[in-house]
Amino acid sequence: MKAFLCSCGNRIPLPEFKEEGVEVFYHDALCSPAGIEFITERWRDDEPIMIAGCSPVVGERYFSRFNPIYINIREQGSYLGHGQEKIGDLIRSGVAWLKATKPIEKKVFDVKSTDILIIGSGVAGLEAARLIGRKAILIERRPYLGGTVADLDRLYPEGTPNSHTLMPLINQVVSGGVRFKPDTEIVSIQGRPGDYRVRLRERKGKVVRCDECGRCLEVCPVEVVDHGIKRKAIFRSPSFPPGYLIDFSTCDLCGECVKVCPGEIILDRSWNEYELHCGGIIVATGLNHFDPVQLSEFGYGRLPNVYTHLEFERKLARGEIKPEKVVIVHCAGSRDERYLDYCSGICCLLGLKEAKLIKDRYPETEVYLLYIDIRVRGELEYLYKELRNLGVKFVGGRPAEIIPKDGRLMVKVEDSLSSTLLKIPADAVVLSTGFVPDKKIFDLLPINLDRERFPKAYDWSELSVDGPPHAILFAGSAREPMSVPDSILDARAKAYRLSHLLSLPRIESHHPVSVIDEERCSLCSLCIQNCPYGALQKEEKVRSDPAVCMGCGVCVATCPSGAANLESYETGGLMAAVESLTKEGTILAFLCRWSAYPAADQAYPIGYPESVRIIRVPCSGRVDPQLILKGFELGARAVLIGGCYPEACHYHTGNIKERRRIKLLHALDGIVDPRRLRIEWIGTDEAAKFVRVVEELEKA
Ligand code: FES
């Protein structure tokens, strides 16, 4: 067992340190090439080591292959001017932790297939498929390519026709050897990086040969409304494949089209199910529109001429409407606790685009744009100015209601700038709604995702140097609402990343994962219910899947029998650290590596009490009550848990789960004084907040 102590160019006064069973090495600059060589020469593969020196935020750049336990004696010691006693305590805690920890097991995932499945053929899916080429299998639940962009008429900012972007992409995909499967859905996905078994079902019915005569359209009796536009169950493809296609979700199989078709149509709604083998998956399912029916005050679905932006755009493009006065309502349902409590990021631009489309087509039309605030970024700011020059009237306010009046619509809104109530008559109202994630695909993936959120948190978990290998990646608006250019760039990044990962014969990783001690496990399943990723399964025993586990440690904090553990952050190791650090009057701080810990790192110019002793955890959700209670038992004045803000936890809701636990501890009357146990959300740039909180705890 080895401990490496670094003086960081003599900026840290290192104490003489001895510990039985531990070889201690001193160095002046472990992060230098000579320092790394120094460790390499002494390190046996997979042997746990401790490095005491600068912050792990810096250390991870140099030492991650050694998987060390990091002890920060610079930002938490010498930079603060804290004495040798504290530095000694910190080193002792690291060594105690080291002695209680086991080597992190190497995870090896053989790459058994280099094919990549791409789910969804919008611009992100198409771009990923274009780059991956012959190794790509592109599936699409609709019978044609193009996703949301194929439904649009124009793209912002300038109203470029959608075909301008879509068709060159489609041409390259089709000519690039990509295996394209339309009218195909996922049934199930199982497996791990490099080796996924995907069950697919493909519609048996299809238009086999079409000479585009259009007779089928004349005889089809089924009329459907597709985003504001009436069409038949058989319809002309908006993109590729060309010709006429059947929407089997509405087709009544009457057979009229077959009778008149000079080509060949198979009318069969049933599915052909089969299995596909691939090494990685790109989810490019795009976004779903928020359904404004819920916004009863706006009358959508009840009042004629209240449209979503997509419906309005499509009707306008076909000349079905020519309004003289239009009101565009931004943030319809967005940034509103009752519906979507977030900003979808692109709907402002969609609203501006609709305004421009009207003005381009009908310059005399009066356009009002109602907003809470306009969020356009970068160079697109010019669009806002251009629309004002075109006569679009911007009103700061969210409408109170929309009512029918004299055969038109009446929009009531308080102009927040002049504080006057406006009643704007309109021929059409466009609701610029936000977007929601595709929950259906979330349910099918072998990873667990917050069903109410876009999966950004899943992406963040990749940022860690000791994160697991991800072979299921989200691209474009499936990850979060994005513009077309941003979707394309994102898809490119994902395609390259996955292609690179699968170019290796095997994927090796040392990311810490949860392990379950079968002897201790009581099969209560609490860990399974609390795992944010679905990494734990119960068959006869409870097992953790290293291909899925992200290493948050929430299961460990949840397990009542001490059966769950997290490599490198075992309860034994953390407990040993608590015991070494806690004295009478200590403020024990468990800080999330992603937020509060880096904030504390930045706090040395302000300074904070020497009694503060910090333990770094992967997520605030890892902190189990026994660690907290142990701290108090040993005389801690206070315990602080510092985590990411809600919505920013890198493991979905680890922080929220921890907050629940702390509330329970607060309720233990007479055991824990709530003033001395706090959980705080501390952002990476909130050093001052960290200092304020620990100073308050000093006085508690
Ligand atoms: Fe920071 Fe969960 S990752 S609290």
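About the criteria used
- Residues numbered from 1 in each chain as written.
- Predicted model: local features only at pLDDT ≥ 70, side-chain atom pairs only at ≥ 80, totals over all residues.
- Heavy atoms only, no water.
- Axes fitted to C-alpha atoms, helices over the stretch in contact; angles between N-to-C directions.
- Helix = DSSP H or I, 4+ residues; strand = E, 2+ residues; numbered from the N terminus.
- Left-handed = near helix turned anticlockwise from the far one by under 90°.
- Contact = heavy atoms within 4.5 Å.
- Nonpolar A, V, L, I, M, F, W, Y, C, P; charged D, E, K, R; others polar.
- Core = buried A, V, L, I, M, F, W, Y, C linked by side-chain atoms within 4.5 Å.
- Buried < 20%, exposed > 50% of the residue type's maximum accessible area, 1.4 Å probe, protein only.
- Salt bridge = Lys/Arg side-chain N within 4 Å of Asp/Glu carboxyl O.
- Pairing = 2+ DSSP bridges.
- Expected span 1.5 Å × (residues − 1).
- Arc of directions from axis to C-beta.
- Polar contact = N/O pair within 3.5 Å; in protein donor to acceptor, adjacent residues only side chain to side chain.

**Quick word on the packing of helix α4 (residues 123-132) against helix α6 (residues 162-175)**
Logical step 1: Direction vectors running N to C along α4 and α6 enclose 35°, while the axes themselves pass 9 Å from each other. When the axes of α4 and α6 are compared, the crossing they make is left-handed. Taken together, the residues of α6 that come into contact with α4 (itself represented by V123, L126, E127, A129 and R130) are T165, L166, L169, I170, Q172 and V173.
Logical step 2: Broken down by class, the residue content of the contact of α4 with α6 amounts to seven nonpolar, two polar and two charged.

**Some points on the nonpolar core**
Logical step 1: Within the largest apolar cluster, 126 residues are counted, with the highest numbers of intra-cluster contacts made by M50, L117, I118, V198, I281 and F590.
Logical step 2: Looking at this core element by element, the count peaks at seven residues for helix α14 (residues 484-502).
Logical step 3: Core analysis: the second largest hydrophobic core is formed by 54 residues, L295, Y371, A426 and A428 among them.

**Considerations on the pattern of salt bridges**
Logical step 1: One pass over the full model with this rule turns up 56 salt bridges.
Logical step 2: In this structure, R197 and E275 form a salt bridge, with 3.8 Å as the shortest nitrogen-oxygen distance. In this pair, R197 is assigned in strand β12 (residues 195-203) and E275 in strand β19 (residues 271-278), connecting sequence segments 78 residues apart.
Logical step 3: Judged by relative accessible area, R197 falls into the partly exposed class, the value being 37%.
Logical step 4: Across the pair K259 and E256 runs a salt bridge whose closest N-O atoms are separated by 2.9 Å. One end of the pair, K259, and the other, E256, are both in helix α8 (residues 256-260), three residues apart, so they sit about a helical turn from each other.
Logical step 5: Residue classification places E256 among the partly exposed residues on the basis of a relative accessible area of 29%.
Logical step 6: Connected through salt bridges with shared partners, the residues K112, D195, R197, R199, E273 and E275 form a single ionic network.

**So, the packing of helix α10 (residues 347-361) against helix α11 (residues 381-389)**
Helix-helix packing: each pair is described by the crossing angle between the helix axes and the interaxial distance.
Logical step 1: Their axes nearest at 10 Å, the elements α10 and α11 cross at an angle of 35°. For the pair α10 and α11, the sense of crossing is left-handed. Contacts from L349, L352, A355 and K356 in α10 reach L383, E386 and L387 in α11.
Logical step 2: When the residues that make up the contact of α10 with α11 are grouped by side-chain class, the tally is five nonpolar, no polar and two charged.

**Re unusual backbone geometry**
Logical step 1: For the bond from F240 to P241, the omega torsion is 0°, close enough to zero to count as cis.
Logical step 2: Of note, P241 is situated in the loop between β16 (234-236) and β17 (244-246).
Logical step 3: Non-glycine residue C331 carries a positive phi angle of around 55°.
Logical step 4: Among the secondary structure elements, C331 is positioned in strand β23 (residues 325-332).

**A closer look at the environment of R543**
Logical step 1: Its place among the elements puts R543 in strand β35 (residues 542-544).
Logical step 2: Residue R543 is classed as partly exposed on the basis of its relative accessible area, which comes to 42%.
Logical step 3: Note: C-alpha distance between R543 and P485 (58 residues apart in sequence) is 42 Å.
Logical step 4: When sequence neighbours within four positions are dropped, the list of residues in contact with R543 reads E518, A535, L536 and Q537.

**So, the sheet that holds strand β38 (residues 612-617)**
Logical step 1: Spatially, the four strands line up as an open sheet ordered β38-β37-β39-β40, and their pairing is parallel. This sheet does not close on itself; its edge strands, each paired only once, are β38 and β40 (677-681). For this sheet, the mean inter-axis angle between neighbouring strands, taken without regard to orientation, is 20°.
Logical step 2: Where strand β39 (residues 638-643) lies against β40, five bridges are found, and the strand directions are parallel.

**A word on the sheet that holds strand β26 (residues 401-405)**
Logical step 1: The strand order β26-β27-β28 describes an open sheet built from three strands, whose pairing is antiparallel. A strand with exactly one partner marks an edge of an open sheet, and here the two such strands are β26 and β28 (420-426). The sheet shows a mean angle of 30° between the axes of neighbouring strands, taken without regard to direction.
Logical step 2: By the bridge criterion, seven bridges tie strand β27 (residues 408-415) to β28 in an arrangement that is antiparallel. When the sheet's bridge partners are listed, L409 is paired in β28 with A426.

**Topic: α14**
Logical step 1: Counted at 1.5 Å a residue, the expected span for α14 with its 19 residues is 27 Å, and the 27 Å between its end C-alpha atoms agrees.
Logical step 2: Those residues of α14 not exposed but buried are V484, S487, I488, D490, A491, K494, A495, L498, L501 and L502. In an axial view of α14, the angular spread of the buried residues amounts to 165°, which keeps them on one side of the axis. Pointing more than 90 degrees away from the buried face of α14 are the exposed residues P485, L489, Y496 and H500.
Logical step 3: Capping the start of α14 is the job of one residue whose side-chain oxygen sits 3.2 Å from the backbone nitrogen of D486: S483.

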